[in-house]
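Architecture at a glance
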Amino acid sequence: MAYSIVLVFQDWDLLTPARFVGLANLERLRLDPKVLVSLWNTAYLTFVGVPLQLLLALALALALNVKLRGIAGYRTVFYLPSITPAVASAVVWLQILHPEFGILNNFLEQFGISRVNWLFDTRAAKPALIFMSLWGVGGAMVIFLAGLQGIPEELYEAAVLDGAGWWSKFIRVTMPLLSPFLFFQMIMGVINGFQANFTTTYIMTGGGPQDATLVTVLYIYRNGFEYFKMGYAASLAWMLFWIIMFFTLIQFLFANRWVYYEVGQ
Amino acid sequence: MAQVSRGAEPLLRGGAQPSWWRSARLKARLGHVLLHVVLIVTGFTFLVPLLWVVATSLKAPNQVFTYPIQWIPREPQWVNYSSMLTLLEIAGRPALLVFVKNTVIVATAAMLGTIFSSLLVGYSLARLRWPGRSLVFGLVLAVMMLPGVVTLVPLFLIFRDLGWLDTFLPLIVPSWFGSGFFIFLMRQFLTGLPIELEEAARVDGAGSLRILLRVVAPLSKPAMATVGIFSFLGHYNEFMGPLIYLDSNSNYTLALGLRMFQGRYGDRWPIVMAASTIMIAPVIVLFFFAQKQFIRGIQLGGLAGR
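Predicted model, so just to flag it, every value in this text is computed and none were measured.

1. So, the overall build of chain A
- The secondary structure content of chain A amounts to 13 helices and 2 strands.
- Buried residues in chain A amount to 56% of all 265 residues.
- Sequence separation of at least 24 residues holds for 65% of the intrachain contacts in chain A that already meet a minimum separation of 6.
- For chain A, the accessible surface area stands at approximately 12,000 Å², while carbon and sulfur atoms represent 66% of it.

What follows is the structure, given as structure tokens:
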């Protein structure tokens, strides 16, 4: 990490010796329009994508937290996509989102919706990536499921005796006891949202069309390993780090207002 | 809906049968049927992409884009799978086998490292008393949240100076030095273990290392299995690391190799899909057999603030 700080003040292409350039990298960072574009894309994917993912994961977990014939099978089905290797699922989704032959467009056409150029249209590319990410909510779902199964049955029984209906049981028992899990998922979701999307964007769109899916991590990778600007890449990484820290701290600051921990645990 | 049936059941099991008993049971039944329908429909939607991969991998090139989609190809082209072995060769050997071998080496070595280091560090954090212990635990948590991208460039330069580029070492060695999430998981598990056995061993004169190996490790098998599975999957799927550190294609892992198939046969979808199927299949088999471990492992994590 210390090494990483040193790099911020250097210009180094690996071939010639590193050169001390002072604040030049930070100056470049301020003036580079692509930095803002990549941050906007990253923020879009994170702040639109993560809430949707968590909502869907929670809904699935609630639906799957029942004693039902074949429930293990259903859980497996929803979990499978999330353990499908990112490279493989990127290849699959390239095909599903294909403007001419993709299943999604064929499906939408049945309802009279005209074909969308999913990955090649600047307006559709980010929503397409978010849609695709919803396919992998199984991981979050399983964590919620583990949380739900840890809620003691007696609490529900007591609530029923007090005349609680489905909704008030959900709001007064389920949500408070699930809140630590939700909090953990939000923290990890934001951290991952800011960092991830590398494999998918690298393989599926290469950051295009017209930088509409150029996420910051992809831009860091490009600078470091394609343009060999190690110092600049390190500067970008540090910028991203502080941004992630900022959002993580904000979440922690607001946590005690709504996250409920059982006393004594 | 889930909560209705959960909450209602204990009441239903009671000896007395109030008049609403029948209708409540009927309601629960109907609810279950409805839930089945919803789950089957959404579940199928989730499966479509995977089914599509397998279906396409068995098609002839001219069948891929026929509409309506053929979910079960009339004449399954098993040749797509065998031709993957002959199509792409590295130094006279089938590329696919080379990729599989590399992946197994990297993922297994890294998995062993992760288990070893998380057990060692986790035990020390959970049970041994030493100055600065809580500070180190705080650091572990912080590193868990630290974006890996910050250390991307410096790590690359360090490994380059060590002459480790284009070897498996950068992919394996870091896991032997521990990683935040797994240490956290292991510590949570070990904190919950009854301490009596260890105390008995200590009275018998066993040292910490001996206790760790003889008493704690055997008791920690479930946690070690969880850490192992997650770590193995993580390394099996990893794309960025191999992309950065591996150069020659004889060193490629499956994740990178799949990309190579895609680059070379981008227009021959059945081939690419057959390669994808080969990459996905082991993960599904692993999950099928280790399912209970997965769910329990997450509970072990003790997110509820234990």
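There's plenty left to go through after this.
2. Thoughts on the overall build of chain B
- Secondary structure assignment for chain B yields 14 helices and 2 strands.
- Looking at chain B as a whole, 47% of its 306 residues are labelled buried.
- Sequence separation of at least 24 residues holds for 71% of the intrachain contacts in chain B that already meet a minimum separation of 6.
- With the model as given, the accessible surface of chain B reaches about 15,200 Å², and the carbon-plus-sulfur share is 68%.

3. Brief notes about the side chain of Thr277 of chain B
- For Thr277 of chain B, the position within the fold is in helix α14 (residues 269-300).
- The residues contacting Thr277 of chain B, other than those within four sequence positions of it, are Val53, Val54, Ser57 and Tyr81 of chain B.

4. What about the nonpolar core?
- Core analysis: the biggest nonpolar cluster contains 144 residues, and Phe144 and Phe198 of chain A together with Phe239 and Phe261 of chain B have the highest contact counts within it.
- The element that contributes the greatest number of residues to this core is helix α10 (residues 166-195) of chain A, accounting for 14 residues.
- Once residues lying within four places of it in the same chain are set aside, the contact partners of Phe144 of chain A are Leu54, Ala57, Leu58, Ala61, Leu178, Phe181, Leu182 and Gln185 of chain A.
- Within the second largest apolar cluster, 20 residues are counted, among which are Leu185, Met186, Phe189 and Ala223 of chain B.

5. Here we look at a nonpolar patch on the surface
Residue and element names in this part refer to chain B.
- Where nonpolar side chains cluster on the molecular surface, the patch consists of Leu112, Phe116, Leu120, Trp176, Phe177, Leu209 and Leu213 and spans about 750 Å² of accessible area.
- Of all elements in the fold, only α4 (95-126) and α10 (208-219) reach the threshold of two or more residues within the nonpolar patch.
- You can see Phe177 is positioned in the loop between α7 (169-176) and α8 (180-191).
- Taking relative accessible area as the criterion, Phe177 reaches 67% and is therefore assigned exposed.

6. Digging into the packing of helix α4 (residues 71-83) of chain A against helix α8 (residues 138-149) of chain A
All names here are of chain A.
- For the pair α4 and α8, interaxial distance at closest approach is 7 Å and the crossing angle is 135°. Of the possible angle classes, the one that applies to α4 and α8 is oblique. Residues Arg75, Phe78, Tyr79 and Ser82 of α4 pack against Gly138, Gly139, Met141, Val142, Leu145 and Gln149 of α8.
- Within the contact of α4 with α8, the residues separate by chemical class into 5 nonpolar, 4 polar and 1 charged.

What counts as what
Residues numbered from 1 in each chain as written. Chains lettered and ligands numbered in written order. Predicted model: local features only at pLDDT ≥ 70, side-chain atom pairs only at ≥ 80, totals over all residues. Heavy atoms only, no water. Helix = DSSP H or I, 4+ residues; strand = E, 2+ residues; numbered from the N terminus. Buried < 20%, exposed > 50% of the residue type's maximum accessible area, 1.4 Å probe, protein only. Contact = heavy atoms within 4.5 Å. Areas by Shrake-Rupley, 256 points an atom, 1.4 Å probe, with all protein chains shown as cover. Core = buried A, V, L, I, M, F, W, Y, C linked by side-chain atoms within 4.5 Å. Patch = residues over 30% accessible without salt bridge, like charges linked within 9 Å, V, L, I, M, F, W, Y side chains within 5 Å. Salt bridge = Lys/Arg side-chain N within 4 Å of Asp/Glu carboxyl O. Axes fitted to C-alpha atoms, helices over the stretch in contact; angles between N-to-C directions. Parallel < 35°, antiparallel > 145°, perpendicular 65-115°, else oblique. Nonpolar A, V, L, I, M, F, W, Y, C, P; charged D, E, K, R; others polar.

In short, shape yes, function no, at least from these values alone.
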